[in-house]
Amino acid sequence: MAQLERERSEPRNPSAMEELSRDPSDRKRFLRMVGGAGAAGAFSIFLAACGDDEKDSAGTTDKAAPAAGSTAGDLKIVNYALTLEYIEADFYEKVAGSGLFRGKDLALIRSIGENENDHVTALAATAKKLGGTPAPRPKTTFPLEDARSVLQLAATVENLGAAAYLGQAGRIQNKEVLAAALSIHTVEARHASALNFLTQQNVTPDGAFAKPASMEEVLPKVKPFLVS
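All values reported here derive from a predicted model rather than from experimental measurement.

Break down the pattern of salt bridges for me, citing the residues and quoting the values.
Following the criterion strictly, the structure yields 2 salt bridges and no others. For Asp90, the salt bridge is made with Arg137, and the minimal N-O distance between the two is 2.9 Å. Of the two residues, Asp90 sits in helix α5 (residues 70-96) while Arg137 sits in the loop between α6 (103-129) and α7 (147-169), which places them 47 residues apart along the sequence. Owing to a relative accessible area of 10%, Asp90 belongs among the buried residues under this scheme.

This is the structure:
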């Protein structure tokens, strides 16, 4: 209890989401930078899903970083996202080489894989721009037994990736990092919807508003894909 009270009393910088929600002119500039109307819709979803950083009753959002650790906090988030993108990029590369898919299905897998590789490149560059070192690429392993189970796994991975970006949005303090996260999140969500449709699942499994997932929720779910 005493530790919790100390954490609440520590000063912290407002997150980029908080600043943008309070300043309409700043928000308009930000939305023009990241894509206008489509970005406005995604921003609204981020804001609705993230809510108040001080509230954590559902256990789905992480506490905002203290002021002194703002750059370090954003770097940690970027490298976390980069690690997830490494996993996704490796997954699609291995699926494409598995011989389980041909024709349009294979083209779709390769297309999604190219997106994930672009995300890797962008996030690695962002980590360097923040003055840090990009996370190392982990070794991965995936169960590639049959086409049906692989598509189901792909849907699971993409839904998890979209939730992971949403789970960090309210903690990001640098607006450029938030813009990158927002633009990648929308693509991950589109991947998830397409794969949900292919596997005969609800294209929006959480309904009209996506649900975020914290690092503590996401990391145990991707750990089976990592080679120690």
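Next comes the rest of the description.
Could you give an account of helix α8 (residues 175-198), naming the residues involved and the relevant values?
Owing to its 3.6 residues per turn, the α-helix brings residues three or four apart onto one side. Compared with the 34 Å implied by 1.5 Å per residue over 24 residues, the 35 Å span of α8 between its first and last C-alpha is a close match. Every buried residue of α8 is listed here: Val177, Leu178, Ala179, Ala181, Leu182, Ile184, His185, Glu188, His191, Ala192, Leu195 and Asn196. Where α8 starts, the residue carrying a side-chain oxygen 2.8 Å from the main-chain nitrogen of Glu176 turns out to be Asn174. Backbone geometry just downstream of α8 places Gln200 in the positive-phi region, at approximately 60 degrees.

Provide a residue-level description of the nonpolar core, including the pertinent values.
Phe91 and Val218 are the most contacted members of the largest nonpolar core, which has 47 residues in total. Contributions of two or more residues to this core are made by α5, α6, α7, α8 and α9 (215-222). At 14 residues, the largest contribution of residues to this core is made by α5. Not counting residues up to four positions away in its chain, the partners in contact with Phe91 are Phe142, Leu144, Val150, Leu153 and Ala154.

Please provide a residue-by-residue account of the environment of Leu182, values included.
Note that Leu182 resides in helix α8. Taking the C-alpha atoms as reference points, Leu182 and Leu166, separated by 16 residues in sequence, lie 8.2 Å from one another.

Pulling in residues and values, what's your account of the packing of aromatic side chains?
Counted under the stated rule, the structure contains 3 aromatic pairs. Geometrically, the ring pair formed by Phe142 and Phe225 is tilted, given 5.4 Å between the ring centres and 40 degrees between the ring planes. Placement of the pair is Phe142 in the loop between α6 and α7 and Phe225 in the segment after α9, with a sequence separation of 83 residues. The exposure class of Phe225 is buried, given its relative accessible area of 11%.

Outline unusual backbone geometry, supporting the account with residue identities and numerical values.
If a residue is not glycine, its phi is most likely negative; likewise, a peptide bond is most likely trans. One non-glycine residue, Gln200, adopts positive backbone phi at about 60 degrees. Mapping Gln200 onto the fold places it in the loop between α8 and α9. Among the residues examined, Gln200 registers a relative accessible area of 71% and is labelled exposed.

Mind laying out the packing of α7 against α9, listing which residues take part and the relevant values?
Closest axis-to-axis distance for the α7/α9 pair is 10 Å, and the angle between their directions is 155 degrees. Here α7 is positioned roughly antiparallel relative to α9, judged by the angle of their axes. Between α7 and α9 lies a crossing of left-handed hand. Of the residues in α9, those touching α7 at Leu160, Ala164 and Gln168 are Met215, Val218, Lys221 and Val222.

What counts, and where the lines are drawn
- In this numbering scheme, every chain counts its residues from 1 along its sequence in written order.
- Only residues with pLDDT of 70 or above have their local features reported here, since the model is predicted, and side-chain atom pairs are shown and tallied only from 80 upward, although totals for entire chains, interfaces and linings are computed over all residues.
- With hydrogens and water excluded, all non-hydrogen atoms of the structure serve as input to the side-chain values.
- The term salt bridge refers to a pairing of a side-chain nitrogen on Lys or Arg with a carboxyl oxygen on Asp or Glu at a separation within 4 Å.
- Only DSSP runs of H or I covering at least 4 residues are called helices, and only runs of E covering at least 2 are called strands; the numbering of each starts at the N terminus.
- Throughout this description, buried means an accessible area under 20% of the type-specific maximum (1.4 Å probe, protein chains only), exposed means over 50%, and partly exposed covers the range between.
- Helix span is expected to be 1.5 Å times the residue number reduced by one.
- Polar contact is defined as a pair of N or O atoms within 3.5 Å, subject to the rule that within protein one atom must be able to donate a hydrogen and the other to accept it, and that residues adjacent in sequence are counted only when both atoms are side-chain atoms.
- The term nonpolar core refers to a set of buried residues drawn from Ala, Val, Leu, Ile, Met, Phe, Trp, Tyr and Cys, joined through side-chain atoms within 4.5 Å.
- In this description, contact between two residues means that some pair of their heavy atoms is separated by no more than 4.5 Å.
- Each Phe, Tyr or Trp ring (for Trp, its six-membered ring) is paired with any other whose centre lies within 6.5 Å, and the angle between the two planes then decides the class: stacked below 30 degrees, edge-to-face above 60, tilted in between.
- With axes taken as lines fitted to C-alpha atoms, and helix axes fitted only over the stretch in contact, angles between N-to-C directions fall between 0 and 180 degrees.
- The cut-offs work like this: below 35 degrees is roughly parallel, past 145 is roughly antiparallel, 65 to 115 is roughly perpendicular, and the gaps in between are oblique.
- Each crossing gets its handedness from the near helix: less than a right angle anticlockwise from the far helix is left-handed, clockwise is right-handed.

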